[in-house]
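Coordinate analysis (summary)
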Amino acid sequence: MRAMSTSRIEELLGDDAGLLTHTSTTIDKSKLHLPGPDFIDRVWLDSDRTPQVLQNLSWLQQSGRLSGTGYVSILPVDQGIEHSGGASFAPNPDYFDPSNIVELAIEGGCNAVASTVGVLGATSRKYAHKIPFIVKINHNEFLGYPNAFDQIMFSSVRKAYELGAAGVGATIYFGSDESRRQIVEVAAAFEEAHRLGMFTVLWCYLRNSGFKVDGVDYHTAADLTGQANHLGTTIEADIIKQKLPEVNGGYTALNQSGSYGKTHKKVYDELTTDNPIDLTRYQLANCYMGRAGLINSGGASSGATDLAEAVRTAVINKRAGGTGLISGRKAFQRPRAEGVELLHAIQDVYLDDAITIA
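Here we summarise the structure given alongside this text. (Residues numbered from 1 in each chain as written. Predicted model: local features only at pLDDT ≥ 70, side-chain atom pairs only at ≥ 80, totals over all residues. Heavy atoms only, no water.)

For the rest of this paragraph, the subject is the packing of helix H14 (residues 276-285) against helix H15 (residues 306-320). Working note: a packed helix pair is described by the angle between its axes plus the distance between those axes. At a minimum axis separation of 8 Å, H14 and H15 run at an interaxial angle of 55°. Between H14 and H15, the angle is such that the two are oblique. Note on packing geometry: the crossing formed by H14 with H15 is right-handed. From H14, Pro-276, Ile-277, Thr-280, Arg-281 and Leu-284 reach across to H15, where they touch Arg-312, Ile-316, Arg-319 and Ala-320. Among the residues forming the contact of H14 with H15, the class breakdown is five nonpolar, one polar and three charged. (Axes fitted to C-alpha atoms, helices over the stretch in contact; angles between N-to-C directions. Helix = DSSP H or I, 4+ residues; strand = E, 2+ residues; numbered from the N terminus. Parallel < 35°, antiparallel > 145°, perpendicular 65-115°, else oblique. Left-handed = near helix turned anticlockwise from the far one by under 90°. Contact = heavy atoms within 4.5 Å. Nonpolar A, V, L, I, M, F, W, Y, C, P; charged D, E, K, R; others polar.)

Once that is clear, we can look at the pattern of salt bridges. Taken as a whole and assessed by the stated rule, the structure comprises 17 salt bridges. In this structure, Glu-11 and Arg-8 form a salt bridge, with 3.2 Å as the shortest nitrogen-oxygen distance. Here Glu-11 pairs with Arg-8, and both are found in helix H1 (residues 6-13), just three residues apart, close to one helical turn. Here Asp-348 and Arg-65 are joined by a salt bridge, their closest N and O atoms 2.9 Å apart. Within this pair, whereas Asp-348 is found in helix H17 (residues 336-351), its partner Arg-65 is found in the loop between helix H3 (51-61) and strand E1 (72-77), the two being separated by 283 residues in sequence. The exposure class of Asp-348 is buried, given its relative accessible area of 5%. Take Arg-65: its relative accessible area is 25%, and that puts it in the partly exposed class. Among the charged side chains, a salt-bridge network with shared partners connects Asp-48, Arg-49, Glu-236 and Asp-238. (Salt bridge = Lys/Arg side-chain N within 4 Å of Asp/Glu carboxyl O. Buried < 20%, exposed > 50% of the residue type's maximum accessible area, 1.4 Å probe, protein only.)

To summarise the sheet geometry, strands pair through backbone hydrogen bonds and adopt either a parallel or an antiparallel arrangement. Strand order in the closed barrel made by the eight strands is E1-E2-E3-E6-E7-E10-E11-E12, with parallel pairing throughout. Looking at each pair of strands side by side, their axes are set apart by 25° on average, direction ignored. Of the pairings in the sheet, the one linking strand E2 (residues 112-115) to strand E3 (residues 133-136) comprises three bridges and is parallel in character. Bridge pairing links Val-113 to Phe-133 in E3. (Pairing = 2+ DSSP bridges.)

With that settled, the discussion passes to H1. Restricting attention to buried positions, one finds in H1 the residues Ile-9, Leu-12 and Leu-13. Viewed end-on, H1 has its buried residues packed into an arc of 100°, placing them on one side of the element. Those residues of H1 that are exposed and aimed more than 90 degrees away from the buried face are Ser-7 and Glu-11. Those residues of H1 that are buried are in contact with H15 and H17. Phi turns positive, to about 60°, at Gly-14, one or two residues after H1. (Arc of directions from axis to C-beta.)

Where helix H11 (residues 222-234) meets H14, the closest approach of the two axes is 7 Å, and the angle between their N-to-C directions is 25°. One element, H11, and the other, H14, form an angle in the roughly parallel class. The chirality of how H11 crosses H14 is right-handed. Contact residues: H11 offers Ala-222, Asp-223, Thr-225, Gly-226 and Asn-229, while H14 offers Leu-279, Tyr-282 and Gln-283. Class assignment for the residues of the contact of H11 with H14 results in three nonpolar, four polar and one charged.

Summed over the entire model, instances satisfying the criterion amount to seven aromatic pairs. Judged by centre distance (6.2 Å) and plane angle (70°), the rings of Phe-211 and Tyr-260 are edge-to-face. One end of the pair, Phe-211, is in the loop between strand E7 (199-206) and strand E8 (212-213); the other, Tyr-260, is in the loop between helix H12 (250-254) and helix H13 (265-269), with 49 residues separating them in the sequence. Taken together, the aromatic side chains of Phe-89, Tyr-95, Phe-96 and Phe-332 make up a single cluster linked through ring pairs. Over the ring of Trp-203 we find Lys-136, and its NZ or CZ is 5.3 Å from the ring centre. A cation over an aromatic ring shows up here: Arg-207 above the ring of Tyr-173, its NZ or CZ 4.7 Å from the ring centre. (Phe/Tyr/Trp six-rings, centres within 6.5 Å; stacked < 30°, edge-to-face > 60°. Lys NZ or Arg CZ within 6 Å of the ring centre and 35° of its normal.)

Nothing here speaks to function; it is geometry throughout.
Structure representation (structure tokens):
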């Protein structure tokens, strides 16, 4: 498939085309550990990661259409548990079959596929040597009544290793009542994964009804998600998955009715602006200035606007200094050819040398 032109990307951005020319005056790009072909030798070689972990990270970066760029495009399909099989796959029932999930990732030029132990275990002998597998080891069980929100272990790191996974993924609901237990569980799991030679990916999500203040939802606030990233990097996640920041000032809002956490006025006066690239760069700064790669999520499928939304997210992530995108529902909740086209469009942003770090 022919790569998307810069002019087509600009057309899809529409009123947001200014994202392509924004100059960041917050955290200078020279201070960031930016993606590139030499990222593992330049950044990870000094760490405590074993040769086997570095080998799997290298395989991740050498796979798919983005091979050799330092950027990654990952297809995540764990929504059959996180939401439900019906909510996730009714739009395209083909994806009830795990083989179609892996084949979409391969045909879509992705660096890796992330899914449940069931999905990847059902396809491991056929595909685990063809594309890096990332086994998501915990999930939110969403069948109990009333619904509850808690990430619990569905599999083990050892099982992921045995089925041939290159990496493991997990979610922590930072800010929730259960987050302390989840931090301990996931930290131990990541330590074991590194011992066995697998890289680690953390979904750093916020979850607390108190994060909604005066009608504003601060679950995607740059300052709060940035701190979630910082905690995730602290337990040695090699890659941080985070939602794109849509607001800022979560600490400020939560301190209006009591004492909550700690922040600094420079976070808002100097280290961020209202521009989404600058807000995302603050998320990246909390990933040890990019030593852990920041990938933003593609979000839910909106239908006709999915392509434009995916391209916009990719532009923001790349220009902020991020490592790539992890996009699922926008790709698999449509016919295969359209899903492949959307994944390729995301990758085209990272392949376009005209789109540079802000």
